[in-house]
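Okay, here's what each chain looks like letter by letter:
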Amino acid sequence: MSCLLSQTLLPSSAANSVCNFKPTHSLIAPHHLLLPRLLGLRPKIEFWGSVRGMATKMDSIQQNPEAISYLNQKEAAEIDEILMGPLGFSVDQLMELAGLSVAAAIAEVYRPSEYSRVLTICGPGNNGGDGLVAARHLYHFGYKPFICYPKRTAKPLYDGLVTQLESLSVPFLSLEDLPKDLSDSFDILVDAMFGFSFHGSPRPPFDDLIQRLVALKINGDTHQKSPAIISIDIPSGWHVEEGDLSGEGIKPDMLVSLTAPKLCAKRFSGSHHFLGGRFVPPSIRNKFNLQLPAYPGTSMCVRIGKPPKIDISSLRENYISPALLEEEVVADPFDQFQKWFDDAMASGLKEPNAMALSTTGKDGKPSSRIVLLKGFDEDGFVWYTNYEGRKGQQIAENPHAALLFYWDDLNRQVRIEGPVQKVSDEESEQYFHSRPRGSQIGAIVSQQSTVIPGRHVLLDEYKQLEAKYSDGSVIPKPKYWGGYRLKPEMFEFWQGQKSRLHDRLCYIPETVDGKTAWRIERLAP
């Protein structure tokens, strides 16, 4: 039986509170992001990070494959028996979790905008079932799946999976329907033919299908883009422990191991190795002494080892977006911003109120960092910070700044420029006391941008103040802490488009009949 494990999702328990203060548009208030800043002619890089006690995507690319357990065939089979015996899992549960884990790993690396056409080649066993489930999830992720399932298993579980895919109008292709050269019709090929329980040599028609996948890597240089090959648990035809014995087997670009990688995975030389199997209970971990990586956030999969070296100059995204047309945007840029911000909120983006703030002091040397928008209205855009930090010093010397919002999943940017002034003390006071008490104490502890000997200094002072105000008394707002408001003199709304022909609409204020209006201009990308 194929090792079918992946992991159930644990929803984030973190909740962001909405604060009510003067600006008419209240925004969520999570932690800051990371951004380097440049100082002077020689770059000085400042690394900023937050600690949450929780794995992040960065953790997912730092796993040491040598510190991870690998299973032999007997151990993998025994784990399946325990799961479906004493631990009460059913085959369809494990298959569902495995297929979702595979689909999540594919989506982590291959975007549907570039790799939309996915052919899943399914064998007659549980590995084929994993592939059917993965194809269904890929459909809902925005891909265009196709299925080749030449030897169907006559069991209700598999019939149900086929029915589910047919209800989505996912095409099932016979062997005769498959093009001779698979690279002409597909961007991704999912190898779901045989799992770790397979013995012997592949028989027809799978021997031919395996050779087609092998030929793609031999002849791949003749094509502009060879399809990516993804193998589930082990590459079909490999020995589960010794790997590709002949040296002429499938060489997948991605391997998605399940539960724990099998011994053959040590011989995997492709670019992307992921593990799915997050719900493995402590009893199994202890019994088999499994050393498994931490999963990032709520992810279904985790990368094993570091990603391949990338030619940075080759990184590019061909954006696919609706056109941003003059006649379709709102006349008032504040209303247009609200519309786009609502879209960012609805899309589930993390911290849609995060914005890059760029300032320049009297020396003319710019610096940028991420801050959080706390509200906006016709008077401007508001954020809060330490007035004595570097940004505060630069604003005091040059009270003009630029804001940049970047909403990646929507292919959108908004740039805003204008003069800056402090908000009223009452407004700062009201917002300060709406924050969590821990954040209030943190604002007192941090003498922002000053050099300190170590993190322990912050923690020691924090504990002292935490004890001082443990009775629930009001924590006084520091005089050096408060808000700024940027009053826009320019808005630019950017929408990414194909071939770098991006849409850029700029709002410029002008006076018409004694009243301020906004003129919309299109800028070349």
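The notes below deal with the structure included here.

Definitions and limits used
- Residues numbered from 1 in each chain as written.
- Predicted model: local features only at pLDDT ≥ 70, side-chain atom pairs only at ≥ 80, totals over all residues.
- Heavy atoms only, no water.
- Helix = DSSP H or I, 4+ residues; strand = E, 2+ residues; numbered from the N terminus.
- Expected span 1.5 Å × (residues − 1).
- Buried < 20%, exposed > 50% of the residue type's maximum accessible area, 1.4 Å probe, protein only.
- Polar contact = N/O pair within 3.5 Å; in protein donor to acceptor, adjacent residues only side chain to side chain.
- Phe/Tyr/Trp six-rings, centres within 6.5 Å; stacked < 30°, edge-to-face > 60°.
- Lys NZ or Arg CZ within 6 Å of the ring centre and 35° of its normal.

### Re helix 7 (residues 333-346)
Logical step 1: Between the first and last C-alpha of helix 7 there are 20 Å, a value that for 14 residues agrees with the 20 Å anticipated at 1.5 Å per step.
Logical step 2: Residues of helix 7 that are buried include every one of Pro 333, Phe 334, Gln 336, Phe 337, Gln 338, Trp 340, Phe 341 and Ala 344, and no others.
Logical step 3: By the N-cap criterion, in which a side-chain oxygen at the helix start approaches the backbone nitrogen of a residue two or three places on, helix 7 is capped by Asp 332, the distance to Phe 334 being 2.8 Å.
Logical step 4: Gly 348, located one to two residues past helix 7, shows a positive phi value of around 80°.

### Observations regarding the packing of aromatic side chains
Logical step 1: In the structure shown here, the tally under the stated rule is 28 aromatic pairs.
Logical step 2: On the basis of an interplanar angle of 45° and a centroid distance of 6.0 Å, the ring pair of Phe 337 and Trp 407 is categorised as tilted. On the criterion of sequence distance, the pair formed by Phe 337 in helix 7 and Trp 407 in strand 13 (residues 400-407) is long-range, its members being 70 residues apart.
Logical step 3: With a relative accessible area of 0%, Phe 337 lands in the buried category.
Logical step 4: With centroids separated by 5.6 Å and ring planes inclined at 80°, the aromatic side chains of Phe 491 and Trp 518 adopt a geometry described as edge-to-face. Remark: Trp 518 occurs in strand 18 (residues 515-522) and Phe 491 occurs in strand 16 (residues 490-495); sequence separation between them is 27 residues.
Logical step 5: Overall, the relative accessible area of 0% leaves Phe 491 in the buried class.
Logical step 6: By relative accessible area, which is 21% here, Trp 518 ends up partly exposed.
Logical step 7: Chaining the aromatic ring pairs together yields one cluster made of Phe 334, Phe 337, Trp 340, Phe 341, Phe 376, Phe 381, Phe 405, Trp 407, Phe 491, Phe 493, Tyr 507 and Trp 518.
Logical step 8: Lying over the aromatic face of Tyr 70, Lys 266 brings its terminal NZ or CZ to 5.1 Å of the ring centre.
Logical step 9: A cation over an aromatic ring shows up here: Lys 422 above the ring of Tyr 387, its NZ or CZ 4.1 Å from the ring centre.

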